[in-house]
Amino acid sequence: VVLVESGGGLVHVGGSLRLSCSAAGFTFSTFGMSWYRQAPGKARELVAAITTVGGVTTYTDSVKGRFTIRRDNAKNTVYLQMNSLKTEDTAVYYCNARRRPYDYWGQGTQVTVSS
């Protein structure tokens with residue numbers, strides 16, 4: 001099983017980034033997919049999630065209206081479009097695939113928002 005995140009980097013306040021997570025080694029379309037983040041000294045938190053069927057999405061309150069999660073089951077990829085970035089969005093962003101009892105994580109990609 002492999003989850004590979006990409007698209008992180010350094011961006012100024014108000015800018016945008018699109019994270020991608022490419023998956024392999026499991027049946028992607030049957031797993032719920034999520035993005036988490038962890039800032040220095042803080043616990044890992046759920047940012048956004050998308051279900052398998054119907055693509056129902058949920059977001060943490062701090063990113064609602066700014067971030068969009070989307071999945072492409074044909075490409076085994078989940079995306080996180082991040083707009084209007086703030087300094088408090090700075091963190092390592094992790095991709096997660098979950099279908100009980102399976103729980104897979106990527107290695108993370110750094111997002112740094114500078115003022």
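Predicted model, so just to flag it, every value in this text is computed and none were measured.

Peer 1: Just checking my understanding: could you explain the environment of Ala48 for this structure?
Peer 2: Looking at the secondary structure, you find Ala48 in strand β5 (residues 45-50). Apart from residues lying up to four places away in sequence, Ala48 is in contact with Met33, Ser34, Trp35, Thr58, Tyr59, Ile69 and Leu80.

Peer 1: How should the side chain of Arg71 be read in this particular structure?
Peer 2: If you trace the backbone, Arg71 turns up in strand β7 (residues 67-72). The charged side chain of Arg71 is buried without a salt bridge, its nearest counter-charge being Asp72 at 8.4 Å. Only 3.1 Å separates the side chain of Arg71 from the backbone oxygen of Thr51, close enough to count as a polar contact. A polar contact of 2.8 Å, which involves the side chain of Arg71, links it to the side chain of Asn73. For Arg71, the residues in contact, after removing those within four places along its chain, are Phe28, Ser29, Phe31, Gly32, Met33, Ile50, Thr51, Thr52, Thr77 and Val78.

Peer 1: When you look at the state of the cysteines in this model, what are you seeing that I'm missing?
Peer 2: In protein structure, a disulfide is the covalent linkage between the sulfur atoms of two cysteines. Applying the stated criterion across every chain yields a total of one disulfide. Disulfide pairing places Cys21 opposite Cys95 at an S-S distance of 2.1 Å. Taking the torsion about the S-S bond as the criterion, the Cys21 to Cys95 disulfide, at about -80°, is left-handed. One end of the pair, Cys21, is in strand β3 (residues 17-24); the other, Cys95, is in strand β9 (residues 91-99), and 74 residues separate them in sequence. As far as burial versus exposure is concerned, Cys21 and Cys95 are alike and both buried.

Peer 1: Honestly, the nonpolar core in this entry has me stumped. Any pointers?
Peer 2: The tendency in soluble globular proteins is for nonpolar side chains to be buried as a group. In this structure, Leu3, Met33, Trp35, Val78, Leu80, Met82 and Tyr93 are the most contacted members of the largest nonpolar core, which totals 29 residues. Apart from the residues within four sequence positions on either side, Leu3 is in contact with Cys21, Ser22, Ala23, Phe26, Met33, Cys95, Asn96, Ala97, Tyr104, Trp105, Gly106 and Gln107.

Peer 1: What exactly am I supposed to notice about the environment of Tyr94 here?
Peer 2: As for its position among the elements, Tyr94 is in strand β9. C-alpha of Tyr94 to C-alpha of Gln110: the two residues are 16 residues apart in sequence and 9.0 Å apart in space. With near-sequence residues (within four places) excluded, Tyr94 lies in contact with Glu5, Ser34, Trp35, Tyr36, Gln38, Arg44, Trp105, Gly106, Gln107 and Gly108.

Peer 1: Teacher, can you tell me more about unusual backbone geometry here?
Peer 2: With glycine set apart, most residues show a phi of negative sign, and most peptide bonds adopt trans. For the bond running from Arg100 to Pro101, omega is 5°, close enough to zero to count as cis. Looking at the element boundaries, Pro101 is found in the loop between β9 and β10 (102-105). The backbone phi angle of Ser84 is positive, close to 50°, even though this residue is not glycine. Within the element layout of this structure, Ser84 appears in the loop between β8 (77-82) and β9. With relative accessibility at 40%, the residue Ser84 sits in the partly exposed group.

Cut-offs and rules
- Residues numbered from 1 in each chain as written.
- Predicted model: local features only at pLDDT ≥ 70, side-chain atom pairs only at ≥ 80, totals over all residues.
- Heavy atoms only, no water.
- Helix = DSSP H or I, 4+ residues; strand = E, 2+ residues; numbered from the N terminus.
- Contact = heavy atoms within 4.5 Å.
- Buried < 20%, exposed > 50% of the residue type's maximum accessible area, 1.4 Å probe, protein only.
- Lys, Arg positive; Asp, Glu negative; His and termini not counted.
- Salt bridge = Lys/Arg side-chain N within 4 Å of Asp/Glu carboxyl O.
- Polar contact = N/O pair within 3.5 Å; in protein donor to acceptor, adjacent residues only side chain to side chain.
- Disulfide = S-S within 2.5 Å.
- Core = buried A, V, L, I, M, F, W, Y, C linked by side-chain atoms within 4.5 Å.

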